[in-house]
Amino acid sequence: MSDFAWDPDTYLEVMAEEIPDYPRLQQELVAAVVEVVPQTILDLGVGSGLTARRVAEALPQTHILGIDESEEMLIGASRVLAPDRTTLAYGRLQDPLPEGPFDLVMSTLAVHHLDGAGKADLFSRIEQVLVPGGRFVLADLVVPPDPADVITPIDGVIDTPSPLAEQLEWLSEAGLTPRVTWQHRDLAVVAADKIGQRHRRD
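Rules behind the numbers
Residues numbered from 1 in each chain as written. Predicted model: local features only at pLDDT ≥ 70, side-chain atom pairs only at ≥ 80, totals over all residues. Heavy atoms only, no water. Pairing = 2+ DSSP bridges. Helix = DSSP H or I, 4+ residues; strand = E, 2+ residues; numbered from the N terminus. Right-handed = clockwise from strand over helix to strand, strands pointing away. Buried < 20%, exposed > 50% of the residue type's maximum accessible area, 1.4 Å probe, protein only. Contact = heavy atoms within 4.5 Å. Axes fitted to C-alpha atoms, helices over the stretch in contact; angles between N-to-C directions. Salt bridge = Lys/Arg side-chain N within 4 Å of Asp/Glu carboxyl O. Lys, Arg positive; Asp, Glu negative; His and termini not counted.

On to the pairing of strand β3 (residues 86-90). Strand direction decides the pairing type here: strand β2 (residues 63-68) and β3, joined by five bridges, are parallel. Within the sheet, the bridge partner assigned to Asp68 lies in β3 and is Tyr90. Note on the crossover from β2 through helix α4 (residues 71-80) to β3: the handedness is right-handed.

This part covers the environment of Leu88. Relative to the helices and strands, Leu88 is located in strand β3. Overall, the relative accessible area of 27% leaves Leu88 in the partly exposed class. Here Leu88 is in contact with Val46, Gly66, Leu74, Ala77, Ser78 and Leu81, once residues within four sequence places are set aside.

Turning our eyes to something else, we now look at the sheet that holds β2. Read from one edge to the other, the open sheet built from seven strands follows the order β3-β2-β1-β4-β5-β7-β6, with strand pairing classed as mixed. The sheet is open, and its two borders are formed by β3 and β6 (176-184), each paired with just one other strand. Going across the sheet, the axis of each strand differs from the next one's by a mean of 15°, ignoring polarity. Relative to strand β7 (residues 187-194), β6 runs antiparallel, the two sharing eight bridges. Bridging from a neighbouring strand, Leu176 pairs with Lys194 of β7. Running at roughly 160° to β6, helix α6 (residues 164-173) makes contact with β5 (130-141), β6 and β7 of the sheet.

Oppositely charged side chains can form a pair if their charged atoms are brought close together. In the structure shown here, the tally under the stated rule is seven salt bridges. A salt bridge links Arg92 to Asp95; the shortest N-O distance between them is 3.2 Å. A residue is classified by how much of its surface remains accessible, and Arg92, at 32% relative accessible area, is partly exposed. Relative accessible area serves as the criterion here: at 24%, Asp95 is assigned to the partly exposed category. Each of Glu35, Arg135, Arg179 and Asp193 takes part in one network of salt bridges that share partners.

This part covers the side chain of Asp186. Residue position: Asp186 is located in the loop between β6 and β7. No salt bridge is formed by the buried Asp186; the nearest opposite charge belongs to Arg185, separated by 6.9 Å. Not counting residues up to four positions away in its chain, the partners in contact with Asp186 are Asp140, Leu141, Val142, Pro144, Asp149, Val150, Ile151 and Thr152.

A word on unusual backbone geometry. A cis amide bond links Gly100 to the next residue, Pro101, at an omega of 0°. One non-glycine residue, Val37, lies in the positive phi region at around 45°. Looking at the element boundaries, Val37 is found in the loop between α2 (22-34) and β1 (40-44). The class for Val37 is partly exposed, based on a relative accessible area of 34%. Phi is positive for Leu109, close to 55°, though the residue is something other than glycine. Looking at where Leu109 falls in the secondary structure, it is placed in the loop between β4 (102-108) and α5 (116-129).

Written as structure tokens, this is what we have:
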């Protein structure tokens, strides 16, 4: 998937051209997030901040910590996210994650930049920063079984999506219980829960 120049007025339009189901991907991620009513969220690859904003609008009591390795995108995200409910910081997916713990970790169109081993390692580290009963929601590109379902252009260098079945296996090996909540062509949303009982905070 090609890199996008940050322009809040055109970003969604450009994304929709590259990824026709991008609005649905966002919608399905939000649906999987709000199921568990998290109060603390770690957004890995917060990017434009537009997906995080949709989550924040749906969950007015939530605080989001968003990390991204693009300073330009962090600046853009700061323009659309409420500063009193959001913390933004530089970070790569390969780096140690913020300690948390978090009720929920989410990631939209970022994890596919890691190779297979990198994805498996990230999933293990995500499990460690989740509270018992916490959830990881992954919304990303996958390699579909049918090559005809490859819709999104990728470069094969920084874009290295993996088959969904492999990612479900890696999530299970990390100690999470994954289920596919939505899949269409080369996009999927997965909700992976950590074993345990999360104590709700009022």
